[in-house]
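The lines below spell out each chain.
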Amino acid sequence: MQFPRRTNTSPNLLLSTDTLPTSSIQGEESYTDEITKINSCTTPAAQLGGEIFLSESPTNPSTKRIRLVRGPGGHTTELTVDSSVENLLELAKNLERKQRRERQRRYRKKQNDQLHMLEKTTAELSKEIGVLESRRKIISASLKTYNVWNLAMEYFRRFRNGLKKTEVVSLIDFVHKTMTVDVATNSGYGATAVLKCWGYLHWFEDVEVNLESMRKCTNGVISTTVASMTISERTLHNVFPTLLNGENEDLAGKLLGKRVTVTGVTYFEWDYTCDKASSIQTRNDVLTPMLGLLGSIENVSRVFDKALISLDFQWRQSFGEMSDD
């Protein structure tokens, strides 16, 4: 005798017999009663992800066979269990708990992945906000009544790519308009000394000078900069000529083609009687990047011993000797 397969028409767990051989069934009424009891349980079938079907074992009528079908087209899990209703219900509960744990594990993993992505995005945005805030402060400062702020910003804008011979005339005009005749610099006094401070960059490649920050101080402002440049064969020939002899070729090899990043601090002193800059003093940290490239103080000393620039990146020879070679 066969019991017809029942479809899951309610939200409750549904148990039904599945093609039972007539010869294997004993006590049909009792068996039907057991199925009715199980069907009356309140475990939602949706939580198990499918339907459960029950049948007697063909070889051993004292045991029951339970089959879990997980949705249309889903895989089937078949187990042989004791025929007691309590054991069947316990099995259903275990399956439900296992599936619940798996869903919770996937949910926690998804939440953790989203949290990590959010933290990464937040860190990137915070960094970008910091950069934009620094730029905003610089621009806001330039709008104040202190002309020294405007001078400092324009100064680094004009020298952002170093000193080019094609711009010398316009730069001298800028110096005359914004600085005193005897403006003091690291290289001396006057307009020529101002340009001489930047003369060494003529021999480097891909020069880029960025103004990072400015702050007010007594009678002026202090600015911080980051300058990046590439050491080429032209640099070695015109700035570090002694490295081209056989004795120092190993040092030349360590510098050739390398990108150097130099941090600097520049102090602009303002003369309020004539509204012009009276002094521009710069300190550059060249030692740190050179140590990174050369490996020791001794090697740095050998490189700069007879170089045409100092360890403070100041030009040692006169500006008039600069050429395009």
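Before reading on, note that the structure itself is shown above.
All values reported here derive from a predicted model rather than from experimental measurement. (Residues numbered from 1 in each chain as written. Predicted model: local features only at pLDDT ≥ 70, side-chain atom pairs only at ≥ 80, totals over all residues. Heavy atoms only, no water.)

Draft legend 1. Representation of the nonpolar core. Counting 53 residues, the largest nonpolar core has Tyr-155, Met-179, Phe-204 and Phe-304 as its most contacted members. In terms of residues, this core owes the most to one element, helix 4 (residues 147-158), which gives six residues. (Core = buried A, V, L, I, M, F, W, Y, C linked by side-chain atoms within 4.5 Å. Buried < 20%, exposed > 50% of the residue type's maximum accessible area, 1.4 Å probe, protein only. Helix = DSSP H or I, 4+ residues; strand = E, 2+ residues; numbered from the N terminus.)

Draft legend 2. Molecular detail of the packing of aromatic side chains. Inspection of every chain in the model, using the stated rule, returns 11 aromatic pairs. Summarising the aromatic geometry, the rings of Phe-204 and Phe-313 are spaced 5.9 Å apart at their centres and angled 40° between planes, so their arrangement reads as tilted. Here Phe-204 is found in the loop between helix 6 (191-196) and strand 6 (205-217), whereas its partner Phe-313 is found in the segment after helix 10 (297-305), with 109 residues between them in sequence. The two residues Phe-204 and Phe-313 agree in class, both being buried. (Phe/Tyr/Trp six-rings, centres within 6.5 Å; stacked < 30°, edge-to-face > 60°.)

Draft legend 3. Representation of the pattern of salt bridges. Counting across every chain of the model gives eight salt bridges. Ionic pairing is found between Glu-96 and Arg-100, a salt bridge with its closest N-O pair at 3.4 Å. Here Glu-96 pairs with Arg-100, and both are found in helix 3 (residues 85-142), just four residues apart, close to one helical turn. Residue Glu-96 is classed as buried on the basis of its relative accessible area, which comes to 10%. In this structure Arg-100 comes out as partly exposed when scored by relative accessible area, which is 33%. (Salt bridge = Lys/Arg side-chain N within 4 Å of Asp/Glu carboxyl O.)

Draft legend 4. Molecular detail of the environment of Val-239. By the element assignment, Val-239 lies in the loop between helix 7 (233-238) and helix 8 (249-255). You can call Val-239 buried: its relative accessible area is 0%. Along the chain, Val-239 and Ile-309 lie 70 residues apart, while their C-alpha atoms are 6.7 Å from each other. Those residues in contact with Val-239, other than ones at most four positions away along the chain, are Trp-203, Phe-204, Ala-307, Leu-308, Ile-309 and Trp-315. (Contact = heavy atoms within 4.5 Å.)

Draft legend 5. Fine view of the pairing of strand 7 (residues 220-230). Within strand 7, nine of the 11 residues are buried, which leaves the element mostly enclosed by the surrounding structure. Pairing analysis gives 10 bridges linking strand 6 to strand 7, with the strands arranged antiparallel. Among the inter-strand pairings, Glu-208 is bridged to a residue of strand 7, identified as Ser-228. Between strand 6 and strand 7, which pair antiparallel in sequence order, lie two residues; one of them, Asn-219, sits at a positive phi of approximately 65°. Sheet analysis places strand 7 next to strand 8 (residues 259-271), joined by 11 bridges and oriented antiparallel. Paired with Met-229 across the bridge in strand 8 is Val-260. (Pairing = 2+ DSSP bridges.)

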